[in-house]
Amino acid sequence: MAGVAELQHTTLCLGVQQGEQWQPVGLGFLLTDDQVVWLVTTSRVLERAGGAPISTWVKRTGDGVLLGLSAIMQSSGLDWVREPQTGLAMTVFPLHPEWDVRALPLAQTAPRG
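Treat the numbers as computed from the prediction; the structure is a model and nothing was measured.

Undergrad: Looking at this structure, how should I read the pattern of salt bridges?
TA: Pairing between side chains of opposite charge can happen when their charged atoms approach one another. Counting across every chain of the model gives three salt bridges. Between Arg-44 and Glu-47 there is a salt bridge, and its shortest N-O distance comes to 3.9 Å. With Arg-44 and Glu-47 both in helix 2 (residues 43-48) and three residues apart, the pair spans about one turn of that helix. In this structure, Asp-100 and Arg-102 form a salt bridge, with 3.3 Å as the shortest nitrogen-oxygen distance.

Below, the structure written as C-alpha cells:
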C-alpha cells in the first residue's frame, strides 16, 4: 500500500470558477486499472458544482496548473459514470508527463474475498 507521501499525489481538490475566484467543492482521488486512470469522487461533489464547469489544481515541477476538467471531458466525449447505490462518480483522467500526480492501483484498494 502507498505511504502517506504517495497518497498526497493521488488526491485532487475539485472546484469551480466563480468570477475571479476559484471555489473548492470537494475532493477526488486517482485509481488505475489496466492502464486507465480514473478520477473518483462522489455525486454530491458534482451536485455542489451546480452545473458549473469543474476544474482541479494539478501540481507541476515548481508550480501548479488549473486543469479545466469539464472542458477536457467535453472535447473528448467523456462524461461522469455515476453509481447510484454507492453515490460514487468517476471519469477517465488525462495525464501529462509534467504533472506530479499518481494513481493507486485498484488491486491495492479493492477488498479481497
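Undergrad: Just to check I follow, could you spell out the confidence of the model for the protein chain for this structure?
TA: Interpreting fine coordinate detail is not advised for predicted regions of low pLDDT. Model confidence for the protein chain is summarised by a mean pLDDT of 88, while 89% of its residues fall at 70 or above. Taking the mean pLDDT of every element in the protein chain, the minimum, 65, falls on helix 1 (residues 4-7) and the maximum, 97, on helix 2.

The rules behind these values
Residues numbered from 1 in each chain as written. Predicted model: local features only at pLDDT ≥ 70, side-chain atom pairs only at ≥ 80, totals over all residues. Heavy atoms only, no water. Salt bridge = Lys/Arg side-chain N within 4 Å of Asp/Glu carboxyl O. Helix = DSSP H or I, 4+ residues; strand = E, 2+ residues; numbered from the N terminus. pLDDT = per-residue confidence, 0-100.

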